[in-house]
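# Breakdown of the fold
So the chains spell out like this:
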Amino acid sequence: MALHESSSSFFSPWPDRLRHSAIVLLAAGLALSVLVALDELSLIRAFAVFLCIAAAALVPWRLHDVAASREDTRSVNPVENGAVAAVVAGMPDPAVLLDRAGRVIHLNAAAAQLAPALRKNELAQFALRSPEIITALREAIATTEPRRATYLDHVPVDRWMELVITPVPVPTLFGGTDKCMLMTFHDLTPLRRVEEMRADFVANASHELRTPLAALSGFIDTLQGPARDDPRARERFLGIMHTQATRMARLIDDLLSLSRVELSAHVRPDTCVDLIPIIRQVADGLEPLARERQVVIEIQLPEAPVMIAGDREELLRLFENLIENALKYGASGGRVIVSLKEAASGEGAPEIRVLVRDFGPGIAPEHLPRLTERFYRVDVGDSRLQGGTGLGLSLVKHILNRHRGRLLIESVPKNGATFTACFPQVKTTAAA
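Starting from 1, residues in each chain are numbered consecutively following that chain's sequence as written. A pLDDT threshold of at least 70 governs which residues receive local features in this predicted model, and a stricter bar of 80 or more applies before side-chain atom pairs are shown or counted, although totals over entire chains, interfaces and linings include all residues. Water and hydrogen atoms play no part in the side-chain values, which are based on all heavy atoms of the structure.

### Comments concerning the nonpolar core
To keep things clear, this is the line we draw: Note on terminology: a nonpolar core comprises buried Ala, Val, Leu, Ile, Met, Phe, Trp, Tyr and Cys residues joined through side-chain atoms within 4.5 Å. Between buried and exposed lies partly exposed: a residue is buried under 20% and exposed over 50% of the maximum accessible area for its type, with that area taken using a 1.4 Å probe on protein chains only. By definition, residues are in contact when any of their heavy atoms lie within 4.5 Å.
In terms of nonpolar packing, the biggest core is built from 57 residues, with Leu275, Leu318, Phe319, Leu327, Leu340 and Phe423 touching the most fellow members. When neighbours within four sequence positions are excluded, phenylalanine 423 is seen to be in contact with Leu275, Ile308, Leu315, Leu318, Phe319, Glu351, Ile352, Val354, Leu400 and His403. Among the nonpolar cores identified, the runner-up in size contains 22 residues, and Val104, Ala136, Ile141 and Met183 belong to it.

### Points about the pattern of salt bridges
Worth spelling out the cut-off: The salt bridge criterion pairs a side-chain nitrogen of Lys or Arg with a carboxyl oxygen of Asp or Glu, the two atoms within 4 Å. The secondary structure listing takes helices from DSSP runs of H or I that are at least 4 residues long and strands from runs of E that are at least 2 residues long, numbered from the N terminus.
Taken as a whole and assessed by the stated rule, the structure comprises 10 salt bridges. Between aspartate 311 and arginine 402 there is a salt bridge, and its shortest N-O distance comes to 3.7 Å. Remark: arginine 402 occurs in helix α16 (residues 392-402) and aspartate 311 occurs in the loop between β8 (307-309) and α14 (312-329); sequence separation between them is 91 residues. For aspartate 311, a relative accessible area of 26% gives the class partly exposed. A salt bridge links lysine 328 to glutamate 324; its shortest N-O distance comes to 2.9 Å. Of this pair, lysine 328 and glutamate 324 both sit in helix α14, four residues apart, roughly one helical turn.

### Some thoughts on the sheet that holds strand β9 (residues 335-344)
Operational definition: Only when DSSP finds a minimum of two bridges between them are two strands counted as paired. Whenever a helix is involved, its axis is fitted only over the stretch in contact; in every case the axis is a line through C-alpha atoms, and angles between N-to-C directions fall within 0 to 180 degrees.
Here we have five strands laid out as an open sheet, ordered β7-β9-β10-β12-β11, and mixed in their pairing. Two strands lie at the open edges of the sheet, namely β7 (296-300) and β11 (406-411), each paired on one side alone. Each strand axis lies, on average, 20 degrees off the axis of its neighbour in the sheet, ignoring direction. Here α14 sits on the sheet and contacts β7, β9, β10 (350-358) and β12 (417-424); the angle it forms with β12, its principal contact strand, is near 165 degrees. Packing against the sheet, α16 makes contact with β11 and β12, and its axis sits at approximately 20 degrees to β12.

### A look at the sheet that holds strand β1 (residues 95-98)
Sheet architecture is open: five strands sit in the order β2-β1-β5-β4-β3, paired in antiparallel fashion. Only two strands of the sheet have a single partner each, and these edge strands are β2 (104-107) and β3 (147-153). On average, adjacent strands in this sheet sit at an angle of 25 degrees to one another, irrespective of strand direction. The sheet contact formed by β1 and β2 spans three bridges and is antiparallel. Looking at β2, one finds that leucine 97 is bridged to histidine 106. Helix α5 (residues 82-89) contacts β1 and β2 of the sheet and is inclined by roughly 55 degrees relative to β2. Docked against the sheet, helix α8 (residues 131-143) engages β1, β3, β4 (159-171) and β5 (177-187), running at close to 165 degrees with respect to β3.

### A short note on α16
Most of α16 sits inside the fold, with nine of its 11 residues counted as buried. All buried positions along α16 are accounted for by Gly392, Leu393, Ser394, Leu395, Val396, His398, Ile399, Leu400 and Arg402.

### With respect to the packing of helix α12 (residues 275-285) against α14
The condition that has to hold: If an angle is under 35 degrees, it is roughly parallel; if it is over 145, roughly antiparallel; if it lies from 65 to 115, roughly perpendicular; otherwise it is oblique. Definitions for this section: a left-handed crossing has its near helix turned counterclockwise from the far helix by less than a right angle. A right-handed crossing has that turn clockwise. Residue classes follow a fixed rule: Ala, Val, Leu, Ile, Met, Phe, Trp, Tyr, Cys and Pro count as nonpolar, while Asp, Glu, Lys and Arg count as charged, and any other residue, Gly among them, counts as polar.
Relative to each other, α12 and α14 sit at 50 degrees, their axes nearing to 9 Å. One way to sum up the angle between α12 and α14 is to call them oblique. When you trace α12 past α14, the crossing you get is right-handed. Residues Leu275, Ile278, Ile279, Gln281 and Val282 of α12 lie in contact with α14, whose contacting residues are Arg312, Leu315, Leu316, Phe319, Glu320 and Ile323. Classifying every residue of the contact of α12 with α14 by side-chain character gives eight nonpolar, one polar and two charged.

### Quick notes on the packing of α14 against α16
Running from N to C, α14 and α16 point in directions that differ by 140 degrees, and their axes come no closer than 9 Å. When the axes of α14 and α16 are compared, the crossing they make is left-handed. Here Glu314, Arg317, Leu318, Asn321, Leu322 and Asn325 of α14 come into contact with α16, specifically with Gly392, Leu393, Leu395, Val396, Ile399, Leu400 and Arg402. Looking at the contact of α14 with α16 residue by residue, the classes come out as seven nonpolar, three polar and three charged.

### Quick word on the confidence of the model for the chain
In plain terms, the rule: On a scale of 0 to 100, pLDDT captures the predictor's confidence in every residue.
Mean pLDDT for the chain: 79, with 81% of residues reaching 70 or above. Below a pLDDT of 50 lies the segment residues 1-12, which in the model reaches zero contacts outside its immediate sequence neighbourhood of four places, other chains included. Taken together, the stretch residues 61-75 has pLDDT below 50 and engages in five contacts with residues farther than four places along the chain or on a different chain.

Written out as structure tokens, the structure is:
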């Protein structure tokens, strides 16, 4: 079987060689035939010359193919072949393979998304401008030793990244070895956010829960002591205790919601949702509160769907906070208008704007820049009386940051306030 395959592989190229050499052999045969006919050359000599010409016409083709194939093989850098590219492309984290000079040989899709300026056969330090990255890369190239660097990426949101540079020995064209640099990026943002969330939760909870806990403790002591046999006092104190317990439950719920949103702030939602039914659902759910405050909610929304890339549950929480704030703090105006329009951002990008306007007392200009801070209240007494936790607008801001949107606040004292949630508009094809 092996002999048969060897002979077949040896004879298989001959038809192609004969086809390419047909003109040469035909011309040689005619010329030799004429010489034999004119008695200028004997038949044996003519046959010998024809064999030499045939050998010269056929044999060099095989030698040329072998030489060309060897030359092509030598001209391909072993590091630039498809297997190495497939390994780099299959890595889950952003990965870039560099040569000794720092030029990009291969990069995967995650690295291209992390640093869009990276280009093959170009220096990586021109695309990665972080001082920590450049320093680590230069040291790794100079010493051919592993290097690590941690840096903070501010665009589009804050992300903590760890860079690991690992020298990788690779074969060269002439059988030797060289060192390439494999750069991998690890996202440390979830770990950092968990640490911050834990610290913030402890600090905020210990600060804000102190007052309702002290009130509950005082009322319990009173009910166990002087008011033990006073039904009217017991009824009154139990109502206050229920209010304080409800406030603590809402405070903890807001803190947990805020922590969850901050934890995933660097991950942009990619699901297309329709804003219209979300806003209507929130407005219908707050209708009992509006009747209690004697406020009319006016909905001015288009009939056609308005699609954005978003998280439905977070959007429900966002609009619930905005409309509920308008009902509580702008109740004196008697109505709240919820509308939607398309506009362009300051950079000219199309965006969807949802406006919530009340006609209450308004907000003084000096308070506007700080409204989205945690636990910031324009009127502490009124906010606590309304059941507010001081976290509503902070939660709205963080939800909008995760959706790559922004919050606009406009207010004139004694003329109400308008809170506008701006979302990037998705492309028509994505919405479809």
